[in-house]
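Listed below, chain by chain, are the residues.
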Amino acid sequence: MTEQDSPRRQRAQAKRDPTEWHGHRIVTETDLGAVFEEDDAARRRRSSMRRIRHGVVLVLLIGLVAAAVYVALGIARGDISIGASEPSPEPTSTCPAGPFDYQDPSAITVDVFNSTTIDGLATTAADQLRGRAFAVRDIGNKQVGPTGMTAIIISGEGGRANAFTLQRTIPDSLYVADEREDRTVDVVVGTSYAGIIPPEGIDITPAALRCAGEDQPTPTPAPTAP
């Protein structure tokens, strides 16, 4: 061991070193200054980030305010319109409006059906229509939705004038359209059927058809005898 490494020399050097005391490191003013400089730098970085965030938020707010002012001015000048909900259109009737002309009964082919449990009602109605010169073809039964009705008149588009003629002949009858392509007409009598209008009481003034409600089902045939 050299003289420089001897314990005595080391203790002598430690006595001359002001940063050590009995083998312990003494925190000096320089050390504290370095620590505080690091803290100050961190605080400055945090402060800088806050200023950047505040600036971004401020720019966004200014942009929103400017956009709101632009939209308000555009609406006031009429350059910008905001679509308002339009009122729902009033429901329109699908009943053919016509007017339809009264036709020659002898040129109208009619099928007569009974929708009730009254025996012979369709035959009675058919005989009355034949007496008025209508060309009655078939007699049968059909089940229909409404109860207590007088009669339902059914035709396709081509038979609307014929249906109008029958509606003027049978009081309180209602019209229902179907998809047939010919000019024939069905008459479905109900429990309120009480006969046809006398010849002198028929109004032949052109007019529209009187229709059943929109939820009225189309009559369907039933396999029973009249």
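Here, the structure is the one placed above.
### Observations regarding the side chain of Ser115
On the secondary structure map, Ser115 appears in the loop between strand S3 (109–114) and helix H3 (121–131). Within the structure, the side chain of Ser115 is placed 2.7 Å from the backbone oxygen of Val189, a separation counted as a polar contact. Excluding its chain neighbours within four sequence positions, the residues that come into contact with Ser115 are Lys142, Val144, Met149, Val188, Val189 and Gly190.

### A short note on H3
Since the α-helix turns once every 3.6 residues, residues separated by three or four places project in the same direction. Buried residues of H3: Leu121, Ala122, Ala125, Ala126 and Leu129, and no others. Taken end-on, H3 shows its buried residues confined to a sector of 130°, consistent with a single buried face. Its buried side turned inward, H3 meets S3, strand S4 (135–143), helix H4 (160–169) and strand S7 (185–189). Directly after H3, the chain includes Ala133, whose backbone phi takes a positive value near 85°.

### Concerning a nonpolar patch on the surface
Where nonpolar side chains cluster on the molecular surface, the patch consists of Met49, Ile52, Val56 and Leu60 and spans about 380 Å² of accessible area. Taking the relative accessible area as the measure of exposure, Ile52 reaches 48% and is therefore partly exposed.

### Examining the state of the cysteines
Following the criterion strictly, the structure yields one disulfide and no others. The residue that forms a disulfide with Cys95 is Cys211, at a sulfur-sulfur distance of 1.8 Å. On the sign convention where negative means left-handed, the S-S torsion of about 75° between Cys95 and Cys211 marks this disulfide as right-handed. Note that Cys95 is positioned in the loop between helix H2 (29–77) and S3 and Cys211 in the loop between S7 and strand S8 (220–221), a separation of 116 residues in sequence.

### Details of the pattern of salt bridges
Under the criterion given, the structure shown has seven salt bridges. With its nearest N and O atoms 3.3 Å apart, the salt bridge here joins Asp127 to Arg130. With a gap of three residues between them, Asp127 and Arg130 both fall in helix H3, about one helical turn apart. The residue Arg180 makes a salt bridge to Asp178 at a minimum N-O spacing of 2.8 Å. By relative accessible area, which is 22% here, Asp178 ends up partly exposed. Three or more residues are tied together by salt bridges with common partners; here these are Lys142, Asp178, Arg180 and Asp186.

### Let's talk about the nonpolar core
Ranked by internal contacts, the top residues of the largest apolar core, which has 26 residues, are Val110, Val112, Leu129, Leu166 and Val187. Where this core is concerned, the elements lending two or more residues are S3, H3, strand S5 (151–155), H4 and S7. Every residue in contact with Val187, bar those within four places of it in the chain, is listed here: Val110, Asp111, Val112, Phe113, Ala151, Ile152, Ile153, Leu166 and Ile170. One finds Val144, Met149, Ile152 and Val176 within the second-largest nonpolar core, a separate group that totals eight residues.

### Brief notes about H4
With nine of 10 residues buried, H4 lies mostly within the body of the structure. Looking only at H4, the buried set comprises Ala161, Asn162, Ala163, Phe164, Thr165, Leu166, Gln167, Arg168 and Thr169. On the buried face of H4, the contacting elements are S3, H3, S5, strand S6 (174–177) and S7.

### Some thoughts on the side chain of Arg132
Within the fold, Arg132 resides in the loop between H3 and S4. Although Arg132 is buried, it makes no salt bridge; Glu200 carries the closest opposite charge, 7.0 Å away. Side-chain polar atoms of Arg132 contact the backbone oxygen of Ile197, separated by 2.8 Å. Apart from residues no more than four positions distant in its own chain, Arg132 is found in contact with Pro105, Thr169, Ile196, Ile197, Pro198, Pro199 and Ile202.

### Some details on a positive patch on the surface
A surface patch of positive charge is lined by Arg44, Arg45, Arg46, Arg50, Arg51 and Arg53. For Arg51, the position within the fold is in helix H2. Overall, the relative accessible area of 53% leaves Arg51 in the exposed class.

Cut-offs applied
Residues numbered from 1 in each chain as written. Predicted model: local features only at pLDDT ≥ 70, side-chain atom pairs only at ≥ 80, totals over all residues. Heavy atoms only, no water. Helix = DSSP H or I, 4+ residues; strand = E, 2+ residues; numbered from the N terminus. Polar contact = N/O pair within 3.5 Å; in protein donor to acceptor, adjacent residues only side chain to side chain. Contact = heavy atoms within 4.5 Å. Buried < 20%, exposed > 50% of the residue type's maximum accessible area, 1.4 Å probe, protein only. Arc of directions from axis to C-beta. Patch = residues over 30% accessible without salt bridge, like charges linked within 9 Å, V, L, I, M, F, W, Y side chains within 5 Å. Areas by Shrake-Rupley, 256 points an atom, 1.4 Å probe, with all protein chains shown as cover. Salt bridge = Lys/Arg side-chain N within 4 Å of Asp/Glu carboxyl O. Disulfide = S-S within 2.5 Å. Core = buried A, V, L, I, M, F, W, Y, C linked by side-chain atoms within 4.5 Å. Lys, Arg positive; Asp, Glu negative; His and termini not counted. Charge placed at Lys NZ, Arg CZ, Asp CG, Glu CD.

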